[in-house]
Structures are given as structure tokens and as C-alpha cells.
Amino acid sequence: MKKKYVIPCIIALLSGSCLIGVLLFLWDRYRQPDYLMASTVAPVVLEGGILQNPYSSLSVPTQITKIGEDYFLVDCYHNQILTSTSLDVPLEEWYVVTDQINWGHTIAGDGTVYLADDTENNRILIFEKADQRFYLTQSFEDIGIRPHYIVYDEEDKRFYALSSMTGELYVFYRQENSSDVFLEKILAVPELNNIYVRSFTIDNDTIYFVTTNGVIMQTRKEDMAILECWPVPAEYAGMVQLTKIQNYFYITVSTDISGNADYATIIRVRDLAQLADTPPESLYSHFTQGGTPYYISYFDGAYFLTQHCMIPGTGVWRFQATDDGLNDIQVLYP
């Protein structure tokens, strides 16, 4: 090559490389992330937190939780999610986040978006907060069968929503610096398909599932590979939730294996392997108003248990756990 062409060629190559570098940077910066499904934008943005709760009692409360400075109470059979900035107010002074659900069970949030399961409509609803109000802004349709439980995992900044009848976990994420929520992937445990599963518990790199056919299953969080299973006696088979509190596993139970609600209780064991041949410790007598113990949550330095039945009279309990003992047990609602 003649010398007079060398320098122009080098300049052209460098210019091309710089241009490609700039284009790759811009593509990486602005490209849409990989996802399975984008949400449906709500056709009418519904504003919640305006109307006060019209009921003086709860009808099958399933969850009480705290996200940021806001408290949330899922009033399942009243088809509403309530919110308050204080627990020390009557139920009638809580405000309605939404009444556009059908037997919803849980809500979770990261401080920017709040995801709630709309169980009987097979939907996940997304809310945002502005000026002390909650707005329904997005939804995901056809999320398995009866999505029943949703949590936000701080570790990987993901929302996990359980399809209670298909053994699937739908994994959602919020795009950085945005309120846009996407469905990233669907994890599945084929062995749980067609088995009613009311909840799961994320424990570091593993997930526990409690079934209604008398099995507790531990899977790998990454790919849902089964790591271990523990059988549960028939009288405790219709489990609701497993919660690790200090040195014990607490298990709320709705029914026996035949669906008899007379067996509703709450038990605890130190080792899940004990369940097969050693009677667990019953804690039901500590919560003396009857009903079905449901989900346990932790915030404000205390544990909270929802407990429900078909008539007014049970609601929400608050308790402490100190040195593996229960104390300061009190009825919060009604």
C-alpha cells in the first residue's frame, strides 16, 4: 500500500471503531431489557386511598404488612386492600387502596411500585403512590391459576408471585429509574402442578413450599430443583405458611388432608424431619378466639398473625418471640 493511503486508512478505522463503540454504548444504555411480558397499562387509572373502609370488621383477613411507612391489610372476602399510616386507629379509619380485586391475598412493594395478587381474576395489579394516594397503573393478566402469594426479595430486587395451582413462580422486576414492571421469567416445580400451595418462603438461596397434601418441599431458588422433602402427618397436611422464627419453624395449618377446617392450628418444630414421627408443639391455645391461623409477617419489631373465620370475631394478632418463647400476645383487630 502506498504511504499516502496509510494515514487516511488508520483514521478511517479509528473513526469506525469509535462510532461502533458509541453505538454499542447507546444500545446498552437505552435498549429494552429482556422480558417475557410487559404489563397492560390500566385503561382508567383508579385512585385509591380516598374512601375510608366501609366495614367495622374484617372478613377473612389474609395479610397485614408494612411497606415503607404505610401499613397494608388485605381483607380477602371483602375484596379490598386497606392502608393506614398507623395501627392505632379503628378499622373504619383505614383507607381503601383498591376494591377492584376478587379474593386477593397479599401485597408487596419496593417503595416505588406495589404488586398485589388478584387471586380469582388470575391477575397481578401494580400500584404507585403519589401525594398520599395509591394509583392502579398496570396489570398482568393470565398469571397462572389463582395467584395467591407475592413477596419482594431485596437481595435480587425481584417480585415473586405464586400461581397456587400450577407450581409456578412468576418473577417480576421493575426497570431501574422507572416504575415500569416486567415479567422476567417463570420458574416451575412440576411436582407441585395441580396441588394447592398457599405460600412459599425464600431463605437465602433456597425456597420452601408448603403444600395441602402433607409435604414440605425445599428447592433451589435459582432453578427450582428439589433439594429435600419432609412428610407431614395427615392432621397437619393442609398447610398455609412456614415461617422461621428464631430456632423454630412455625407452620400455620388450615385443614387436615381431607379439607376439614376443624384441624386449623399453628404448630412449631425445631427440625422439619421431626414432623414425620414426633408430635409438634401446638401454639393454638395462645390465640384463643378460634379461626384459621393464616399468614405471619414481621415489622416494627413484632410478629403479626392474621386469623380468620367466616363470622366476625377474629382478625389480627401481634406477638413477640423472645428466647424461643411467645410473649406480649394481643389482639390487634377487631
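Placed above this text is the structure.
Quick notes on the rules
- Residues numbered from 1 in each chain as written.
- Predicted model: local features only at pLDDT ≥ 70, side-chain atom pairs only at ≥ 80, totals over all residues.
- Heavy atoms only, no water.
- Pairing = 2+ DSSP bridges.
- Helix = DSSP H or I, 4+ residues; strand = E, 2+ residues; numbered from the N terminus.
- Core = buried A, V, L, I, M, F, W, Y, C linked by side-chain atoms within 4.5 Å.
- Buried < 20%, exposed > 50% of the residue type's maximum accessible area, 1.4 Å probe, protein only.
- Contact = heavy atoms within 4.5 Å.

J.: Would you explain the pairing of strand 9 (residues 123-130) in this entry?
T.: One face of the sheet, then the other: side chains in a regular strand alternate in exactly this way. In this structure, strand 8 (residues 113-118) lies alongside strand 9, joined through six bridges in antiparallel fashion. Bridging from a neighbouring strand, L115 pairs with I126 of strand 9. If you look at the hairpin formed by strand 9 and strand 10 (residues 133-140), you'll find two residues sitting between the two strands, and D131 has a positive phi there, around 55°.

J.: I'm lost on the nonpolar core in this one. Help?
T.: Within soluble globular proteins, side chains that are nonpolar tend to cluster in buried spots. Core analysis: the largest hydrophobic core is formed by 19 residues, its most contacted members being Y160, L162, L169, F200, F209 and M224. If you list the elements that add at least two residues to this core, you get strand 11 (147-153), strand 12 (158-163), strand 13 (168-174), strand 15 (197-203), strand 16 (206-211) and strand 23 (292-299). Every residue in contact with F200, bar those within four places of it in the chain, is listed here: Y149, V151, Y160, L162, L169, I207, Y208 and F209.

J.: Looking at this model, I keep getting lost on the sheet that holds strand 21 (residues 265-269). Mind explaining?
T.: In spatial order, the strands read 19-20-21-22; together these four strands make up an open sheet with antiparallel pairing. The open sheet has two edge strands with one neighbour each: strand 19 (238-245) and strand 22 (281-282). Bridge count for strand 20 (residues 248-255) against strand 21 is five bridges, and the pairing is antiparallel. Note that in strand 21 the partner of I251 across the bridge is I267.

J.: Quick question: what am I supposed to make of unusual backbone geometry here?
T.: Glycine aside, negative phi is the norm for most residues, and most peptide bonds take the trans geometry. Of note in the backbone geometry, W103 takes a positive phi value of approximately 60° without being a glycine. With respect to the helices, strands and loops of the structure, W103 is situated in the loop between strand 6 (95-98) and strand 7 (107-109). Positive phi, close to 55°, is recorded for Q246, a residue that is not glycine. With respect to the helices, strands and loops of the structure, Q246 is situated in the loop between strand 19 and strand 20.

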